[in-house]
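# Structure assessment
Here are the chains, one letter per residue:
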Amino acid sequence: MAREWSSYQQAVFEHIERSDRHLVVEAKPGSGKTTTSVEGVNRIPPEKRVLMCAFNKKIQQELEERVRPGITVRTFNSIGHHAVLRARGRVGVNSSRQRDLVRDVLPDKRLIGTAPYGDVLKIVELAMARLAETDEDFHYIMAEYDCYPTLESYVESYIKWSREVLRRSLLPSPEISFNDQIYIAAKEKLSGAKFDYV
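Since we're looking at a predicted model, the values are computed, not measured.

### Remarks on the side chain of Asp180
Tracing the backbone shows Asp180 in helix H9 (residues 178–187). Its relative accessible area of 0% is what places Asp180 among the buried residues. At 2.8 Å, the side chain of Asp180 forms a polar contact with the backbone nitrogen of Ser177. Excluding its chain neighbours within four sequence positions, the residues that come into contact with Asp180 are Arg97, Gln98, Met128, Ser169 and Ala185.

Here you go:
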C-alpha cells in the first residue's frame, strides 16, 4: 500500500526534485522530518552524489539503513574531520585537548579545577559551536549560558583566555579535539568531498 504524504511533505519532495535552491524545513519533534528527509534523498536521481548529515553516530547508522545504496551518510564531526585530514594530513583525536589548552592558557595554575577554569572551558566550547569572534559574541555566550564570572574584573580575562584557546586550537597540531573537527574546518573554510546534494 502506497504511503500517504501530507501537502507539506509533498512540497518538500517537489522542491528536491525541481529546484537547485537550499531548503530549510522547520517542524516539531515527531512530525516526520527524518522520514521526509529519507524519502526526499531517495528521490534524487541515482547518478547524483548525495551527502546526508547526522548529528551523531546512532542517527548516522539509522539513516544508512533507510536510504538507498549510493547515498553517503556522515556525522558533522566526520565531515569536519575528513576536511581537516585533507588539509593537514593525518591527525589524531584527543578528547582532552580543549581542557589541556585551557590549563596552558590560565596564568595562575591554582585556577585549574575552579569555577574560572570550568567557565572558560564552557565558553570555548560554545564559542567554537557559534564561531564566536567579537566581544559581543563572548558576552552573549557568558550571559546566555550562565558562565559570567562572579568577579566583574574577570570578564575581560575570560574573553582574553577564551580567544587564546581558540587561536591555539587553529594551530597545526598532530592532535585535534572532537570540537576542533568542525571548528577548524569552518574557520579555515576547508572543503571535503564534493556532492551534488547535501
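### Comments concerning the packing of helix H2 (residues 33–42) against helix H3 (residues 57–66)
Between H2 and H3, the shortest axis-to-axis distance is 10 Å and the interhelical angle comes to 45 degrees. For the element pair H2 / H3, the angle class is oblique. For the pair H2 and H3, the sense of crossing is right-handed. Between H2, through Thr34, Thr35, Val38 and Asn42, and H3, the contact on the second element is made entirely by Glu62, Leu63 and Arg66. Broken down by class, the residue content of the contact of H2 with H3 amounts to two nonpolar, three polar and two charged.

### Looking at the nonpolar core
If you look at the biggest cluster of nonpolar residues, it comprises 25 residues, and the most contacted ones within it are Val102, Ile123, Phe138, Ile141, Met142, Trp161 and Leu166. Of all the secondary-structure elements, those providing two or more residues to this core are helix H5 (97–105), helix H6 (115–130), helix H7 (135–144) and helix H8 (155–169). The element best represented in this core is H6, accounting for eight residues. Among the nonpolar cores identified, the runner-up in size contains 12 residues, and Ile44, Val50, Ala54 and Ile71 belong to it.

### A short note on the pairing of strand S1 (residues 50–54)
Extensive coverage of S1 is indicated by the burial of four of its five residues. With five bridges joining them, S1 and strand S2 (residues 71–75) adopt parallel strand pairing. Counterpart to Leu51 in the pairing with S2 is Thr72. For the handedness criterion, the β-α-β arrangement of S1, H3 and S2 is classed as right-handed.

Scoring rules and cut-offs
Residues numbered from 1 in each chain as written. Predicted model: local features only at pLDDT ≥ 70, side-chain atom pairs only at ≥ 80, totals over all residues. Heavy atoms only, no water. Helix = DSSP H or I, 4+ residues; strand = E, 2+ residues; numbered from the N terminus. Buried < 20%, exposed > 50% of the residue type's maximum accessible area, 1.4 Å probe, protein only. Polar contact = N/O pair within 3.5 Å; in protein donor to acceptor, adjacent residues only side chain to side chain. Contact = heavy atoms within 4.5 Å. Axes fitted to C-alpha atoms, helices over the stretch in contact; angles between N-to-C directions. Parallel < 35°, antiparallel > 145°, perpendicular 65-115°, else oblique. Left-handed = near helix turned anticlockwise from the far one by under 90°. Nonpolar A, V, L, I, M, F, W, Y, C, P; charged D, E, K, R; others polar. Core = buried A, V, L, I, M, F, W, Y, C linked by side-chain atoms within 4.5 Å. Pairing = 2+ DSSP bridges. Right-handed = clockwise from strand over helix to strand, strands pointing away.

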